[in-house]
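Fold and geometry: a report
The residues making up each chain are set out below.
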Amino acid sequence: MNQPVFVAGTGIISAIGKNVAECLDALENSRAGMAHMHWFDSIHRDRLPVAEVKIGNDELAALTGLPGTKSRTALLSMVAAKEALADAGIENLQSLRTGFISANSVGGMDKTERFFTEFFRDNTKGRLRDVVNHECGSVSELVADKLGIKDYITTISTACSSSANSIFFGARLIKNNILDVVVAGGTDSLTKFTLNGFNTLMILDEQSCQPFDENRRGLNLGEGAGYIVLVSEKVAASLKKKPTVTLSGYCNANDAYHQTASSPDGTGSFLAMSGALKKSGLEPGDIDYINLHGTGTQNNDIAEGTAIKRLFDPHYPKMSSTKTFTGHTLGASGGIEAVFSVLSLQHGIIYPNLRLKTPMKDLPFTVETEFKNNIEVKHVLSNSFGFGGNCSSLVFSKLMSG
Amino acid sequence: MQLKKLFIINFLKYNMYIRATGNISAQKTFGHPPFLTEPVAYPGNRLACIEPDYKEFIDVKQIRRMSRIIRMGVAAAMECLQEGGVKTPGAIVTGTAYGCLEDTGVFLTKMVEFNEELLTPTAFIQSTHNTIGAQIGLMLQCNNYNNAFVHRGFSFESALLDGMMLLKENEVSNVLVGAIDEITNTSHAILSRMGLYKQESSSSLDIFRSGTKGTVAGEGATFFLLANEPSATDYAKLDGLKTFYKPEGIKEIQGHILFFLDKHSLSLNDIDLVITGRNGNAGSDKIFNELEKNIFKDKKTVNYKNLSGEYPTATAFALWLAANIARSGKVPPVLEYAGQKETAVKKILIYNHYQHIHHSLLLVSAC
């Protein structure tokens, strides 16, 4: 039960790039992905910037081999999952017990919205093919079928912590000797449903977001997908490209405070972070970098910051919110940020928290504002917190040579 | 096809105990009344849950704010915890294929109708798939593990596997695992257009005799308290769970079933009762007909979807049924069980499939 689980591959698509290399380049050069809506359409187009993946569904279809008529959520998922599997380079995949554990927040909602424009007036109208993949699980199956994975498939949806949960559920399937290889992460595309939902909550920033800034105004919604390939020790040993990163800790806790708001002291966040550290056998001082949940809302950042203060004070690791690049990709964010965390360990890099002007007055620490390389990064903590009080933290660690 | 590989996947063997249940269904199941002694038949193709008086379980102010599926889920969970005498479960894990459809439909319809204007947040907030698990956690002030699986006909089985692994990992001593799915007017209209339901059904209890296309729509909120230590009041033991996806044919299905039993050092001879997921749709029931001609030939099989209706998380109703049969040793007459009445039913195999995509096996035995 205590054997390590290795990260053998990473794959990503987001507003800052269609693959790992493009995203790394944007991170290094402080190129954020927020812009006016281009492919996505909404009456809020002139007021709310979003972090769109910068290609249309037809191009995504060409990249994936899936029909362009399918939900954009599935198309994004396929791009990143395919890259992760290719990166892992597992030659005998068909003879291994392989699973696809995905996550998303609203399934094929982008198509369901289209269906509803006719259906809501007359329930005999609307094309059924637009609603057939409405279910969250249906989006995962489109991708799993295309990847040829059928041994175990499931989908998790715990709002913004969804894909952190899918990653650690995947790791546990390996630890329990149920699977050998798991492609785990999550996906979400921009939908009117979520944009308008967040808009009614009045937590969307009309400018580019400024997480952990005293004058932060809210979050920018983004879209994308991020997956990692987890493998057992035995599979890791058989690979040509030897994995150097493990998922060493994880924890899921509930804030039990409010359906959408975080408790002021960040109880859930604290429990998730401290539980993940305990699982990894590490002390707070061992963490070199925290990839923050850092949405940019008043509520999240003070709750998360307060929990970090309680756990880490007075020795703070480097920290940043990469949502300053990708926007908040909801069900995909845990997957995307897991990829960034793994890359931080692999390349010895720390990402900037863009646009920071005034550090938060109530916190005794501040976030990183510059891209840094040649840093020794041994352990990274990645936070994902969501509606319903769902808080999950993951710890990724670099294998020490010798 | 590498059968050998297929048969060793996603298989978990671990003894755990079903300590308590809470079930809101189309039958009289809530509040633990006599076990299915008064079956309810429904005309038409929609079996709606019999809802309880929620006041006993949920604060009146909160009831008003909750949509129907949230009320059902929370009440079933609370009843389960009350029966188990547990205030704070070690984990809360839910499975739902469709999530909170009513709230989703309300927000979506208004958004389309008023062209993204005049919207209020309530329906959106409550539409997220983890709402029910979150509400349970909030009411109990439970900071423990809380997860939500949303994978069609595997939603409940995934939640159950998560709960079983948590117990096996010794992270917790008990877990609350449940399944919730609702039928709404919208989902019923859409799924009817997709041809899922029977055009004519005079009585839901007779669907297995219809020989026609389609099934009847169901819904339910069913929770279980699972523990890794036995207690004096357990319903049954849950011995194992296995799922398989899109099997290629009857041979593969039979292989999975026999392998699953073999891994538990059992053969079909040891099984006293098979509960199958027959739903009255002539097409998809073919699998069960085939099995009854082959490996289930001499087995007593009973079906349950004439009681619960068909829905992606209906296996939760089957597990509730198996737990109650194992505890009493008796099969209620409504299941038309023609077995030897003197022998108690001790080992039960549940085999369900949802639209021939999601297949699952559960093994339940008397304590």
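Predicted model, so just to flag it, every value in this text is computed and none were measured. (Residues numbered from 1 in each chain as written. Chains lettered and ligands numbered in written order. Predicted model: local features only at pLDDT ≥ 70, side-chain atom pairs only at ≥ 80, totals over all residues.)

Observations regarding the overall build of chain A
Scanning chain A for helices and strands turns up twelve helices and ten strands. Taken against the 2.2 N^0.38 rule, which gives 21 Å for 402 residues, the C-alpha radius of gyration of chain A at 20 Å falls within 12% of a compact globule. By principal-axis analysis of the C-alpha atoms, chain A measures approximately 60 × 55 × 40 Å. Taking all 402 residues of chain A together, the buried fraction comes to 65%. (Helix = DSSP H or I, 4+ residues; strand = E, 2+ residues; numbered from the N terminus. Rg over C-alpha atoms; globule rule 2.2 N^0.38 Å. Buried ≥ 20, exposed ≤ 12 C-beta atoms within 10 Å, placed from the backbone.)

What to know about the overall build of chain B
The helix and strand inventory of chain B stands at twelve helices and ten strands. Its C-alpha radius of gyration of 20 Å places chain B within 12% of the 21 Å reference for a compact globule of 367 residues. Buried positions account for 58% of the 367 residues belonging to chain B. Residue pairs at least 24 apart in sequence account for 78% of intrachain contacts in chain B once pairs closer than 6 positions are excluded. (Contact = placed C-beta atoms within 7 Å.)

Description of helix α8 (residues 185-193) of chain B
Residue and element names in this part refer to chain B. Listed as buried for α8 are Thr186, Ser187 and Ile190. In a view along the axis of α8, the buried residues occupy a sector of 90°, so they form one face of it. Buried-residue contacts for α8 involve α4 (101-113). Phi turns positive, to about 85°, at Gly195, one or two residues after α8. (Arc of directions from axis to C-beta.)

Topic: the domain arrangement of chain B
Residue and element names in this part refer to chain B. Taken as a whole, chain B is organised into domain 1 (3-8 + 238-365) and domain 2 (17-227). For domain 1 versus domain 2, the separation of C-alpha centres amounts to 22 Å. Every contact between the two is made by 35 residues of domain 1 and, on the other side, 43 residues of domain 2. For the side of domain 1 that touches domain 2, the element with the most residues is helix α12 (residues 315-328), which contributes eight residues. Considering only residue class, the side of domain 1 that touches domain 2 consists of 16 nonpolar, 16 polar and three charged. (Domains from an automatic or database assignment. Nonpolar A, V, L, I, M, F, W, Y, C, P; charged D, E, K, R; others polar.)

Some points on the interface of chain B and chain A
On the side of chain A, 54 residues touch chain B, which itself brings 54 residues to the contact. At the level of elements, α1 (3-8), β1 (11-24), α4, α5 (121-127), α6 (131-140), β3 (145-149), α7 (155-168) and α8 of chain B are the ones that each hand at least two residues to the side of chain B that touches chain A. It is α4 of chain B that provides the largest number of residues to the side of chain B that touches chain A, a total of six residues. Each residue belonging to the side of chain B that touches chain A can be placed in one class, and the counts come to 27 nonpolar, 18 polar and nine charged.

As for unusual backbone geometry
A negative phi angle characterises most non-glycine residues, just as the trans form characterises most peptide bonds. The omega torsion across Asp313 of chain A and Pro314 of chain A is 5°, close enough to zero to call that bond cis. Relative to the assigned elements, Pro314 of chain A resides in the loop between α10 (298-312) and β8 (318-320). Non-glycine residue Met202 of chain A carries a positive phi angle of around 55°. Of note in this structure, Leu36 of chain B is not a glycine but carries a positive phi near 50°. Mapped onto the elements of the fold, Leu36 of chain B is located in the loop between β1 and α2 (60-65). Leu36 of chain B sits in the buried class, given 20 other C-beta atoms within 10 Å.

Things to note about the nonpolar core
Ranked by internal contacts, the top residues of the largest apolar core, which has 227 residues, are Ile228 and Leu230 of chain A together with Leu226, Ala322 and Ile350 of chain B. The contacts of Leu226 of chain B, once residues within four sequence positions are left out, are Met16, Tyr17, Ile18, Arg19, Gly163, Leu167, Asn174, Val175, Val177 and Leu238 of chain B. (Core = buried A, V, L, I, M, F, W, Y, C linked by C-beta atoms within 7 Å.)

Focus on the confidence of the model for chain B
Per-residue pLDDT for chain B averages 93, and the proportion of residues at 70 or more is 95%. This prediction of the complex comes with two scores: 0.97 for pTM and 0.98 for ipTM. (pLDDT = per-residue confidence, 0-100.)

Overview of the domain arrangement of chain A
All names here are of chain A. Once the domains are mapped, chain A shows domain 1 (6-238) and domain 2 (245-398). A separation of 20 Å is found between the C-alpha centroids of domain 1 and domain 2. Taken together, the contact pairs 62 residues of domain 1 with 57 residues of domain 2. Secondary-structure elements contributing two or more residues to the side of domain 1 that touches domain 2 are β1 (6-13), α1 (20-28), α6 (162-175), β4 (181-188) and β5 (224-231). Element by element, the count of residues in the side of domain 1 that touches domain 2 is highest for α6, at seven residues. Considered class by class, the residues forming the side of domain 1 that touches domain 2 number 31 nonpolar, 24 polar and seven charged.

A short note on the environment of Gly211 of chain B
By secondary structure assignment, the location of Gly211 of chain B is in the loop between α8 and β5 (220-227). As a C-alpha pair, Gly211 of chain B and Gly283 of chain B span 72 residues in sequence and 9.0 Å in three-dimensional space.

Brief notes about the pairing of β5 of chain B
Remark: a regular strand shows side chains that alternate across the two faces of the sheet. All names here are of chain B. In terms of residue burial, β5 counts as a mostly covered element, since eight of its eight residues are buried. With burial as the criterion, each face of β5 is covered, one bearing Gly220, Thr222, Phe224 and Leu226 and the other bearing Ala221, Phe223, Leu225 and Ala227. As judged from the eight bridges shared by strand β4 (residues 174-181) and β5, these two strands associate in the antiparallel manner. Residue pairing for β5: Val175 is matched across the bridge by Leu226. (Pairing = 2+ DSSP bridges.)

A word on the packing of helix α3 (residues 72-88) of chain A against helix α5 (residues 136-147) of chain A
Residue and element names in this part refer to chain A. Running from N to C, α3 and α5 cross one another at 40°; their axes reach a closest spacing of 9 Å. Considering their axes alone, α3 and α5 lie oblique with respect to each other. For the element pair α3 and α5, the recorded crossing hand is right-handed. Residues Thr73, Ala74, Ser77, Met78, Ala81, Lys82 and Leu85 of α3 touch α5, and the partners they reach there are Val139, Leu142, Val143, Lys146 and Leu147. The residue inventory of the contact of α3 with α5, partitioned by class, reads eight nonpolar, two polar and two charged. (Axes fitted to C-alpha atoms, helices over the stretch in contact; angles between N-to-C directions. Parallel < 35°, antiparallel > 145°, perpendicular 65-115°, else oblique. Left-handed = near helix turned anticlockwise from the far one by under 90°.)

Let's talk about α6 of chain B
Residue and element names in this part refer to chain B. The buried count for α6 comes to nine of ten residues, which makes it a mostly enclosed element. Taken together, the buried positions of α6 are Thr131, Ile132, Gly133, Ala134, Gln135, Ile136, Gly137, Leu138 and Leu140. Two residues or fewer past α6, Gln141 is found with a positive phi of approximately 50°.

What about the packing of helix α9 (residues 267-280) of chain A against α10 of chain A?
In helix packing, the relevant descriptors are the interaxial angle and the interaxial distance, both defined with respect to the helix axes. Residues and elements named next belong to chain A. Viewed as axis vectors pointing N to C, α9 and α10 meet at an angle of 45°, and their least axial separation amounts to 8 Å. Regarding the angle of α9 to α10, the classification is oblique. The way α9 lies across α10 gives a crossing that is right-handed. Where α9 approaches α10, its residues Ser269, Phe270, Met273 and Ser274 are matched on the opposing element by Ala303, Glu304, Ala307, Arg310 and Leu311. For the contact of α9 with α10, the per-class residue count stands at five nonpolar, two polar and two charged.

Things to note about the pairing of β4 of chain B
Residues and elements named next belong to chain B. The buried fraction of β4 amounts to eight of the eight residues, a majority that puts the element mostly inside the structure. Because side chains alternate across β4, one face comprises the buried residues Asn174, Leu176, Gly178 and Ile180, and the other comprises Val175, Val177, Ala179 and Asp181, equally buried. Pairing analysis gives four bridges linking strand β2 (residues 91-95) to β4, with the strands arranged parallel. Its bridge partner being in β4, Ile92 is matched across the sheet by Leu176.

Looking at the environment of Asn228 of chain B
All names here are of chain B. Of note, Asn228 is situated in the loop between β5 and β6 (236-245). Along the sequence, Asn228 and Leu166 sit 62 residues apart, while their C-alpha atoms lie 9.8 Å from each other. Contacts of Asn228, omitting those with residues within four sequence positions, involve Met16, Leu167 and Ser173.

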